[in-house]
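Chain and residue survey
The lines below spell out each chain.
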Amino acid sequence: MTLWFGGDYNPEQWPREVWDEDVRLMRRAGVTVATVGVFSWAQLEPEDGRFEFEWLDDVLGRLHAGGIGVDLATATASPPPWALRGYPDIAPVTADGVRLGGGSRQHYSPHSPSYRRLAGRLVRELAGRYGAHPALVAWHVNNEFGCHVSRCYGEHAAVAFRDWLRARYGTADALNAAWGTAFWSQRYASFDEIEPPRAAPTLLNPTQVLDFDRFSSDALLDLHRAETAILRELSPGVPVTTNFMGPFRGLDYWRWAEEVDLVSDDSYPDPADPDSPATAALGRDLMRSLAGDRPWVLMEQAPSAVNWRLRNAPKPPGGNRVLSMQALARGADGIMYFQWRQAASGAETFHSAMVPHGGPDTRVYREVEALGAELGELGWVERQPVPARVAIVFDWTAWWALEQPSRPTALSYLGIVTDWYRAFWDRSVTVDFVRPGADLSAYSLVVAPVLFAADAAALDGLHAFAASGGTLAVTFQSGVLDESLHVHPSGYLGPLAATLGVRVEEFAPLAGPPGAEPPVIAVDGELGPLTGRWWSEYTHAEGADVLAGFAAGDVAGWPAVTRNTVGAGTAWYVATHPDADGLGRVAGALLATAGVDGVLDRCADGVEAVVRGDATFLLNHRGEQRQVVWRGEELVLGPREVRILT
Amino acid sequence: MTLWFGGDYNPEQWPREVWDEDVRLMRRAGVTVATVGVFSWAQLEPEDGRFEFEWLDDVLGRLHAGGIGVDLATATASPPPWALRGYPDIAPVTADGVRLGGGSRQHYSPHSPSYRRLAGRLVRELAGRYGAHPALVAWHVNNEFGCHVSRCYGEHAAVAFRDWLRARYGTADALNAAWGTAFWSQRYASFDEIEPPRAAPTLLNPTQVLDFDRFSSDALLDLHRAETAILRELSPGVPVTTNFMGPFRGLDYWRWAEEVDLVSDDSYPDPADPDSPATAALGRDLMRSLAGDRPWVLMEQAPSAVNWRLRNAPKPPGGNRVLSMQALARGADGIMYFQWRQAASGAETFHSAMVPHGGPDTRVYREVEALGAELGELGWVERQPVPARVAIVFDWTAWWALEQPSRPTALSYLGIVTDWYRAFWDRSVTVDFVRPGADLSAYSLVVAPVLFAADAAALDGLHAFAASGGTLAVTFQSGVLDESLHVHPSGYLGPLAATLGVRVEEFAPLAGPPGAEPPVIAVDGELGPLTGRWWSEYTHAEGADVLAGFAAGDVAGWPAVTRNTVGAGTAWYVATHPDADGLGRVAGALLATAGVDGVLDRCADGVEAVVRGDATFLLNHRGEQRQVVWRGEELVLGPREVRILT
Amino acid sequence: MTLWFGGDYNPEQWPREVWDEDVRLMRRAGVTVATVGVFSWAQLEPEDGRFEFEWLDDVLGRLHAGGIGVDLATATASPPPWALRGYPDIAPVTADGVRLGGGSRQHYSPHSPSYRRLAGRLVRELAGRYGAHPALVAWHVNNEFGCHVSRCYGEHAAVAFRDWLRARYGTADALNAAWGTAFWSQRYASFDEIEPPRAAPTLLNPTQVLDFDRFSSDALLDLHRAETAILRELSPGVPVTTNFMGPFRGLDYWRWAEEVDLVSDDSYPDPADPDSPATAALGRDLMRSLAGDRPWVLMEQAPSAVNWRLRNAPKPPGGNRVLSMQALARGADGIMYFQWRQAASGAETFHSAMVPHGGPDTRVYREVEALGAELGELGWVERQPVPARVAIVFDWTAWWALEQPSRPTALSYLGIVTDWYRAFWDRSVTVDFVRPGADLSAYSLVVAPVLFAADAAALDGLHAFAASGGTLAVTFQSGVLDESLHVHPSGYLGPLAATLGVRVEEFAPLAGPPGAEPPVIAVDGELGPLTGRWWSEYTHAEGADVLAGFAAGDVAGWPAVTRNTVGAGTAWYVATHPDADGLGRVAGALLATAGVDGVLDRCADGVEAVVRGDATFLLNHRGEQRQVVWRGEELVLGPREVRILT
């Protein structure tokens, strides 16, 4: 297979005379794959049980004749009006008890028996009819699972939640212990008494909420599994994917990634946000990490503007190319779009497309066509690896746990992870993401930011990494709670306290007067003066060297950054969140200890550098010229220039 | 009939001894008309089907004896508690399914069969009893239709919506085509599957939402029609009105205005807002435009403070007079208030009244009395015309369509229209508002700001205006969609693209980083340097002259303001929203092209000048002295001075 | 009884081996009382009607053996899951109709017959078993009544509300008169038509809302009374308390305080808020005032951080002690905490405790232990009085009435009261709070800030105080409405207008353009230049001396501060809300007139001084040294120093 290049194709929105032009323009643009049928349920099954496939036969036939492969969707993402009306249990329900109706999309509860039955029937029909179609290159299960409704609180959800809890805990007593129900008189005599974490007078039981997060991710995953089972039965050998949404809080993609043959991602960086190239890179690296030894493709991006932000800036000239090349550089084997032809009506009328409202005589189409041609020459990157010696621990349990209310202070898990990621990205250092408990032997440096809740095995794994010679960095608010959100019996940090050589006595989150932004805190020591955000604490160095200490307030003189020697390696503890400059210096010190160099000798703002296979990709995301040094050579990159050095 | 002067009169809140003083004070204040019965349903029909009219007989008798005319309300705006309890279908329902209860006002759904039946019965009783009463000068239908509840989403609403859609589209296929239901799997097999746009997982179908807006306006209008039919049957020859609320988004007043004999308006400019004189003027001009060749009256204003803002500033000394005279100058044939006597209890205890809590020995009453005397001398203005050579196209479909989510950028329709209006108001140029498709032959200059959705006929009408010698100005985000919210088949601007001599290739809304205000953009050219807000775009001049171009960013060098010669006239396109200064310069250039002069030779901040009949009204809305030049003569206006020059 | 020292003790969260350490550490820390069982319902009654008391027998036995008294909770604050599932009427319902479920706490409606029955049965069991237990020092009814759910709008609430209204008004006509239902067609034919003030189209009837506030406070009080009746029957002679929450808007504590033997308070000042020592002092003084001649104890405070703010700062070193001593100085006979041992799981895992997660080897425990020892030496303060010659009128009806929507301007009742309190606190003047109508003969100066709604008797009482020689100060927005929220028939201020020698003609709230903060206003006169906030008005001095007048805007020249001689005293009117500096000067002038001195000759920022019995307590709340002058002597107080001078 060559690199995928193409996009979502919704021919049902257009008369057949347009289909002819579509295939012609696709060929001209170098399109290799089209994703078909994502929102076609109502066209495929206009009435309960009556299917109409002729039009789709035609579409697939035309595409195949044009040499274009098809990523065929199972079409289950948006049930038709007849389904919602005939089977009211399909509608999702909010925590306040509001039933969500039709007229938009994704108006189904994953716990609805009717939805599961109808979706399964549709997939069986599709797989039976098209499972061996010569155009078929992949199956596309549903669409962006959980995008708008990742939690449903209705009665079917309650039943399913109880079943999930029975499977997890076995007995009510075990659940009571895990949930700490002795607090606030919440002891359950039986699973039947349990409800989803619906609207309540005040703070809900944290473990109940966390388990509902886990359950909700699993419930959607179960839909995916059910569809996949049918596809594998009726269409053996065809790879199955479902499109992820970057670092999406709703679903634990580590568990999901195990269930697909091909990881695919939808990515919509905001052109008006100067930080978006870095956050896009994070998404690419996460996808590569989720995929492991399987391929991944960029399944959706916008050629220019989207339609769902408050203000939707277009991509600048060259912007589409540089972000596409970024995905390629970071391991993607396909560059796809939503969507092929811009809609003339409907909720996404103003979402840009490969063929805009203005038709092919537009800069947007011309840039797409040029990129298609360029990708045609780049097939050699396919399945080439992207080496990384640095890993960041990324975990949905920690994310869900940290962002509950009733925490020492409000923190953004993704925000803090992104700040750490950015410190490496700015230094042209490629990063993998790893799940807790993963094999870390390939890495020289591992960072665990705000790994708030973690089981002992995961913490032991970090210890082992350091002890075997690695450089480990752990931040404040890590290892505080176990997987059931109980404070680790041995205290904050659990077993890592010994690894790090510190004892955290008491938290001192930075806080200002009511309504004011929290203050920052001065930090000083051998790393030079730093500025800390969000956090300080009373931590004892018990064996660790103090590299920096808090320099103000009640915690003045207490350690802020420490380093401990453990076995053949070192374990660093960072007791605050340095600002961008400070984090850069901490990251620099860690890289130096770990002996990891960046791709560039000298970096520049907005210039990204990454190695894939034998090639080095230099990407200037800015609209101005930039100078960098690579392998001792001064290079000048034009505005939004992409340079591939081999 | 002389000019109306008076207010809402709610004698049922007071013992009869107060009624004597009321009539006495009304006479002293020069009151000519009292609006009676607006919230009297529970007093008129204390139990289901049992009516008590004696008190109202008494009130009307006293007023008539005092020489005061009565604008008699149909009293249907607030159903009594027994109605809500006895007929639960009366209660409106929100999009989230919340039933709105009693204890306030307007707690009825326009779709409730019970409400329609009970309201009709009451109106029939009233019209039968008072239809020929000698005091009667007008019927006042309901009150501020739609003020708090202009959309109801309950089950009766669903039934009525389906009926409305059947009448509009005939077949489900036609509806599917208009709504673009091929998108997101929304194809309806029958009208029975359709629901109101209730709470949903994400963006609703835009045409469904627009049709629900249209339907909701029509449903309330249908209530108005039902009452009016009874009144015309039982009280022939008496003019019927219902009080509008200025530029109110909920109802398409162009359609409503066709149904009344007399346009009336409620207007509450904020005394703390220095821009409120201009926005009040806009409201007056809109009412005059809605009325056409019928009269209009200012039905409600506050003598001083209102009670429903967060902070309710009183009107300053003289403030009541200058705003009243503004209405007169802009065509009103009546100046009325809410309300006559300030309430001693209830939700509007702190709404000012002609007779305040402090009684007649107050500046508020004294100012009212003085104004009454003054109006007694101004009867000659009645039915005198207010000439205008400039028109602004104003349209509810464009308003509803532009302010949906999922637009290129978030824009305020009324905000942008107001900015354009203000540019003319500041130059003492009187403006009419016109609906799309209106006869424009009376105007020299027509501006169509953000006419986002418009049918081809309306756009053709604008073309014809320019071709026949007019000066036409059209802004960005006009003519993008048709009346069903499909992109015009010939592209953005539809047929106007040829008129304007431009082709809009791609939108480039101004956007900043997440959470930040959008940046502005520099514009330069023969109009001098301007600052654009909200918008830029990639537009090709295809025949038009480029008067100004964008001077920064990716759109640098692309046209921002163009002028095209078309037939005997010119057609201008404005591709951004200039700030106040820039809009003033654009307006000035348009006025010069169109040969339209302002009333004043030199204007001043806060001074309004308008001609009605043979008189020129000069109104200084500021608390400080102002100098202007009128017909070559320097005039000094004192603080809040009103000068009428004839 | 010695001073109480201890905290909430939740042994059910821990295995019994921990209980041994608990008693040992409690003894070491000087704990005298433990509050047990607050959230034990599910442990005490694991199934409907089956009780398990053995564990509690054990706990009480151990505590008694350790010499520790028990404040035994009735455990009714959080019904077990079986109760909510078995008796669905228990769940509270919001104004929008949302049913609040379990999983947190306080998920009960006070109007639920099932809840009342189940709670009564539990209390009867507890009182029967432990009513004469030798460890028992007090009964602790429920917990923080109304904390999360002080208003319930369900069907049982409607029934109870109607009964309460029948008892208050007797006839529907009387209710119609009181509620002013002639406004907006709200006349009720019978009580059966009345509903709680649920979600409605717009502003609700103000008196309906006020009566619902009163009713809701009374309904919870009725729960308290029902429990108390059982306790007094089965456990005679044991004092009963329920923990208040400082100045809590939900409940009228003047009515509540009558029903307890011992006032107790939960107090959580924010360590990050530099104003919190003053607001904490206000709470202490309110509790002392509520208690009258009964004792009061600080029932809950945090040794360090709480967990429920967005950001939870720890108390600084010494901070726990200084705030504890503040309570003692202001009359408390006990210093208690939530809670004894920090929870390992559940919603309050991160709420600090006397024994933190880190165990006794922590600064938090060490500070607790030191304080316990210190309190052991301070038993002599018990029942010693705290003299005050200044009183502030504090009233829940005024609070509820002022903060309704539809007011002249948005004002914070507690904010304005606190500003006045602060002016005295800054001058080391102790203040009592009094309810309207209270005996004022003990005071030299009485201040009534924004006493928006008040009956004539209360206003007459203020008059009598001034006439008999007192110094009275009344602010704007006082005496506007009567107890039914009708404007006083004689005008604003009602009978106080004569007392104050003023007539308020019209309000002029300060307001800015939409979205802007309101402007301030200059005031000038013999008090020097002041800055007024929120308010100005048109007030005539009719007998009073004008001490200061507004110096800007339309009210320039009108009185801002006046003083009237009335009988042997003086009555001051303050027609704006001066800023902190100005309020200090007004307070200073009032104190001088009343002949009241502060405890200190010279005060300092953050230093509090108060006399209890024969001792003077000096408390430095700041982290820096402070100098004050006391009885002519210059004293230096170290950071957070507490000095007790006798």
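Because the structure is predicted, anything quoted here is derived from the model rather than measured.

With that settled, consider the overall build of chain A. The helix and strand inventory of chain A stands at 17 helices and 26 strands. Relative to the 2.2 N^0.38 estimate, which gives 26 Å for 646 residues, the radius of gyration of chain A is 26 Å and therefore close to what a compact globule would have. For chain A, the spread of C-alpha atoms along the three principal axes comes to 75 × 70 × 45 Å. Here chain A holds 646 residues, and the buried ones make up 67% of them. Here the contacts in chain A between residues at least 6 apart in sequence split such that 72% fall between residues at least 24 apart. Of the accessible surface of chain A, which amounts to about 19800 Å², a share of 51% is contributed by carbon and sulfur atoms. Placing the 53 positive and 80 negative side-chain charges of chain A at their respective mean positions leaves the two points 3 Å apart.

Turning next to the pairing of strand 3 (residues 69–73) of chain B. Residue and element names in this part refer to chain B. Buried residues dominate strand 3, accounting for 5 of its 5 residues. Inspection of the sheet shows strand 2 (residues 33–36) paired to strand 3 by 4 bridges, in the parallel sense. Residue pairing in the sheet places A34 in a bridge with V70 of strand 3. Bridge analysis of strand 3 against strand 4 (residues 136–140) gives 4 bridges, and the strand direction is parallel. By the bridge assignment for strand 4, V70 is matched with L136.

Quick look at the interface of chain B and chain A now. With 49 residues of chain B at the interface, the matching set in chain A holds 55 residues. In this assembly, chain B packs against chain A so that about 4300 Å² is buried in total across both faces, 56% of it on carbon and sulfur atoms. There are 1 salt bridge connecting chain B and chain A. The partner of A:R363 in a salt bridge is B:E506, with the nearest N and O atoms 2.9 Å apart. Where chain B meets chain A, there are 22 residue pairs in polar contact (both at pLDDT 80 or more). Looking at the side of chain B that touches chain A, the elements with two or more residues in it are helix 8 (206–234) and strand 14 (502–507) of chain B. Looking at which element gives the most residues to the side of chain B that touches chain A, the answer is strand 14 of chain B, with 4 residues. Across the side of chain B that touches chain A, the residue classes break down as 29 nonpolar, 10 polar and 10 charged.

Turning to the UniProt feature "binding site: substrate" (unreviewed entry) in chain A, a few remarks are in order. All names here are of chain A. Residues given the UniProt feature "binding site: substrate" (unreviewed entry) here are R105, N143 and W308. Mapped onto the secondary structure, N143 falls in the loop between strand 4 (136–140) and helix 6 (155–169). The contact partners of N143, leaving out residues within four places of it in the chain, are V38, F39, A77, R105, Q106, N243 and E300. Structurally, W308 can be placed in the loop between strand 8 (296–300) and helix 11 (319–329). In this structure W308 comes out as partly exposed when scored by relative accessible area, which is 41%. Each residue touching W308, except ones within four places of it in the same chain, is listed here: Y268 and H351.

All right, on to the environment of C:G515 then. Structurally, the position occupied by C:G515 is in the loop between strand 14 (502–507) and strand 15 (521–525). Residues C:G515 and C:Q627, 112 residues apart in the sequence, show an inter-C-alpha distance of 43 Å.

With that settled, consider the relation of the copies chain B and chain A. Between the two copies of the chain lies a rotation about an axis combined with a shift along it. Its rotation angle being 120°, the transformation that places chain B on chain A also includes 0.0 Å of axial translation and leaves an RMSD of 0.0 Å. Between the two chains, the operation in question is that of a three-fold axis. In terms of proximity to the rotation axis, the leading residue of chain B is B:V98, whose C-alpha is 5.1 Å off the axis.

Attention now goes to the domain arrangement of chain A. Note on interface size: it is often stated as the accessible area lost on association of the parts. Taken domain by domain, chain A consists of domain 1 (4–149 + 224–381), domain 2 (155–207), domain 3 (390–594) and domain 4 (607–645). Each of domain 2 of chain A and domain 4 of chain A was reduced to a C-alpha centroid, and the two centroids are 54 Å apart.

Scanning the model with the defined rule gives 96 aromatic pairs over all chains in all. When the centroid spacing of 6.3 Å and the interplanar angle of 55° are considered together, the rings of B:W41 and B:Y115 count as tilted. Here B:W41, found in helix 2 (residues 41–44), pairs with B:Y115, found in helix 5 (residues 113–130); they are 74 residues apart in sequence, far enough to count as distant. In this structure B:W41 comes out as buried when scored by relative accessible area, which is 0%. Note on C:F51 and C:F53: the rings are 5.8 Å apart at their centroids and 5° apart in plane angle, and the pair reads as stacked. With a relative accessible area of 7%, C:F53 lands in the buried category.

Glancing now at the layout of surface pockets. Residue and element names in this part refer to chain B. Taken as a whole, the largest pocket holds about 1000 Å³ of empty space. Every residue lining the largest pocket is counted, 46 residues in all, and those nearest its centre are M245, P247, Y268, W308 and R309. Going through the elements one at a time, strand 7 (263–266), helix 10 (276–291) and helix 14 (413–425) are the ones with two or more residues in the lining of the largest pocket. A class-by-class count of the residues in the lining of the largest pocket yields 20 nonpolar, 13 polar and 13 charged.

Here we come to the interface of chain C and chain A. Listed as interface residues are 55 residues of chain C and, on the opposing side, 50 residues of chain A. Both faces considered, chain C and chain A share a buried interface measuring about 4300 Å² in area, 56% of it formed by carbon and sulfur atoms. For the chain C face of the interface with chain A, the top three residues by lost area are C:R311, C:A347 and C:F350, together amounting to 17%. The interface formed by chain C and chain A contains 1 salt bridge. Between chain C and chain A we count 22 residue pairs in polar contact (both at pLDDT 80 or more) in total. For the side of chain C that touches chain A, the secondary-structure elements that each account for two or more residues are helix 2 (41–44), helix 4 (81–86) and helix 12 (363–376) of chain C.

Feature annotation in UniProt assigns "domain: Glycoside hydrolase family 42 N-terminal" (unreviewed entry) to the following positions: residues 8–377 of chain A. Secondary structure within residues 8–377 of chain A divides into 41% helix and 9% strand; the distance between the first and last C-alpha atoms comes to 23 Å.

Let's shift gears to helix 7 (residues 172–179) of chain A. The α-helix winds at 3.6 residues per turn, so residues separated by three or four positions along the chain end up facing the same way. Residues and elements named next belong to chain A. Taken residue by residue, helix 7 has A172, L175, N176, A178 and W179 as its buried positions. Across the axial projection of helix 7, the buried residues extend over an arc of 165°, all falling on one side. For helix 7, exposure combined with an orientation more than 90 degrees from the buried face picks out D173 and A177. Buried residues in helix 7 make contact with helix 6 and helix 8 (206–234). Downstream of helix 7 by one or two residues, G180 has phi in the positive range, about 60°.

Further remarks concern the pattern of salt bridges. Going through the model one piece at a time under the given rule, you end up with 150 salt bridges over all chains. Between A:R288 and A:D285 there is a salt bridge, with its nearest N and O atoms 2.6 Å apart. Of this pair, A:R288 and A:D285 both sit in helix 10 (residues 276–291), separated by 3 residues, roughly a single helical turn. Each member of the pair A:R288 and A:D285 is classed as buried. The residue B:D163 makes a salt bridge to B:R166 at a minimum N-O spacing of 2.9 Å. Of this pair, B:D163 and B:R166 both sit in helix 6 (residues 155–169), 3 residues apart, roughly one helical turn. Exposure remark for B:D163: the relative accessible area of 44% places this residue in the partly exposed category. Residues joined in a network through salt bridges with shared partners are A:R16, A:D20, A:E54, A:D58 and A:R62.

What counts, and where the lines are drawn
- Residues numbered from 1 in each chain as written.
- Chains lettered and ligands numbered in written order.
- Predicted model: local features only at pLDDT ≥ 70, side-chain atom pairs only at ≥ 80, totals over all residues.
- Heavy atoms only, no water.
- Helix = DSSP H or I, 4+ residues; strand = E, 2+ residues; numbered from the N terminus.
- Rg over C-alpha atoms; globule rule 2.2 N^0.38 Å.
- Buried < 20%, exposed > 50% of the residue type's maximum accessible area, 1.4 Å probe, protein only.
- Contact = heavy atoms within 4.5 Å.
- Areas by Shrake-Rupley, 256 points an atom, 1.4 Å probe, with all protein chains shown as cover.
- Lys, Arg positive; Asp, Glu negative; His and termini not counted.
- Charge placed at Lys NZ, Arg CZ, Asp CG, Glu CD.
- Pairing = 2+ DSSP bridges.
- Buried area = accessible area lost by both parts, 1.4 Å probe.
- Salt bridge = Lys/Arg side-chain N within 4 Å of Asp/Glu carboxyl O.
- Polar contact = N/O pair within 3.5 Å; in protein donor to acceptor, adjacent residues only side chain to side chain.
- Nonpolar A, V, L, I, M, F, W, Y, C, P; charged D, E, K, R; others polar.
- UniProt positions renumbered as here; feature names shortened; annotations may be inferred.
- Least-squares fit on C-alpha atoms with pLDDT ≥ 70 in both.
- Domains from an automatic or database assignment.
- Phe/Tyr/Trp six-rings, centres within 6.5 Å; stacked < 30°, edge-to-face > 60°.
- 1 Å grid on protein atoms, 1.4 Å probe; cavity = no way out; pocket = protein on both sides within 12 Å on 5 of 7 lines; lining within 4 Å.
- Points joined across faces, edges and corners; volume = space filled by probe spheres on them.
- Arc of directions from axis to C-beta.

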